[in-house]
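Okay, here's what each chain looks like letter by letter:
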Amino acid sequence: MQADPPDLESAEEHYGRALARATELGMRPVVAHCHLGLGKLYRRTGDQTKAQEHPTTAATMYREMDMGFWLAQAEGS
């Protein structure tokens, strides 16, 4: 039995809401994680501009917060 294809539009909406809420609350690590997730999502949708923009934002944030493990994840995506 095959799994249903991912609902990329719904995922984008959820990431957007999470990003907005985390930004509002000043939760910078979560904001960076949302950017990384959005980059991976856009890579799946074929939007190369956004697929590069979001991981770059995440990497900048991880670098500023000295989150080395996650920085490596963002730079490798």
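Figured I'd write up the structure that's included with this text. (Residues numbered from 1 in each chain as written. Predicted model: local features only at pLDDT ≥ 70, side-chain atom pairs only at ≥ 80, totals over all residues. Heavy atoms only, no water.)

1. Notes on the packing of aromatic side chains
No. 1: Per the stated rule, a full pass over the model turns up 2 aromatic pairs.
No. 2: Within the aromatic cluster, the residues linked to one another by ring pairs are Tyr62, Phe69 and Trp70. (Phe/Tyr/Trp six-rings, centres within 6.5 Å; stacked < 30°, edge-to-face > 60°.)

2. A look at the packing of helix α1 (residues 8-25) against helix α2 (residues 28-45)
No. 1: The geometry of α1 relative to α2 is characterised by a closest axis approach of 9 Å and an angle of 160° between their N-to-C directions. Taken together, the axes of α1 and α2 lie roughly antiparallel to each other. Note that α1 runs across α2; the crossing there is left-handed. Every residue of α2 that contacts α1 at Leu8, Ala11, Glu12, Tyr15, Ala18, Leu19, Ala22 and Thr23 is listed here: Val30, Val31, Cys34, His35, Gly37, Leu38, Leu41, Tyr42, Arg44 and Thr45.
No. 2: Within the contact of α1 with α2, the residues separate by chemical class into 12 nonpolar, 4 polar and 2 charged. (Axes fitted to C-alpha atoms, helices over the stretch in contact; angles between N-to-C directions. Helix = DSSP H or I, 4+ residues; strand = E, 2+ residues; numbered from the N terminus. Parallel < 35°, antiparallel > 145°, perpendicular 65-115°, else oblique. Left-handed = near helix turned anticlockwise from the far one by under 90°. Contact = heavy atoms within 4.5 Å. Nonpolar A, V, L, I, M, F, W, Y, C, P; charged D, E, K, R; others polar.)

3. Here we look at the pattern of salt bridges
No. 1: This model, assessed by the stated rule, comprises 4 salt bridges.
No. 2: Between Arg17 and Glu13 there is a salt bridge; the shortest N-O distance is 2.7 Å. Within this pair, Arg17 and its partner Glu13 are both found in helix α1, separated by 4 residues, close to a single helical turn.
No. 3: Residue classification places Glu13 among the partly exposed residues on the basis of a relative accessible area of 47%.
No. 4: A salt bridge links Glu75 to Arg63, with the shortest nitrogen-to-oxygen separation between them at 2.8 Å. Of this pair, Glu75 sits in helix α4 (residues 68-76) while Arg63 sits in helix α3 (residues 48-64), and the two are 12 residues apart along the sequence.
No. 5: Look at Arg63 and you get partly exposed, because its relative accessible area is 46%. (Salt bridge = Lys/Arg side-chain N within 4 Å of Asp/Glu carboxyl O. Buried < 20%, exposed > 50% of the residue type's maximum accessible area, 1.4 Å probe, protein only.)

4. Observations concerning the nonpolar core
No. 1: Counting 17 residues, the largest nonpolar core has Leu19, Val31, Leu36, Leu38, Ala58, Tyr62 and Ala74 as the members making the most contacts within it.
No. 2: Residue contributions to this core peak at 7 residues, all from α2.
No. 3: What Leu19 contacts, discounting residues up to four positions off in sequence, is Val31, Cys34, His35 and Leu38. (Core = buried A, V, L, I, M, F, W, Y, C linked by side-chain atoms within 4.5 Å.)

None of this, on its own, says anything about what the molecule does.
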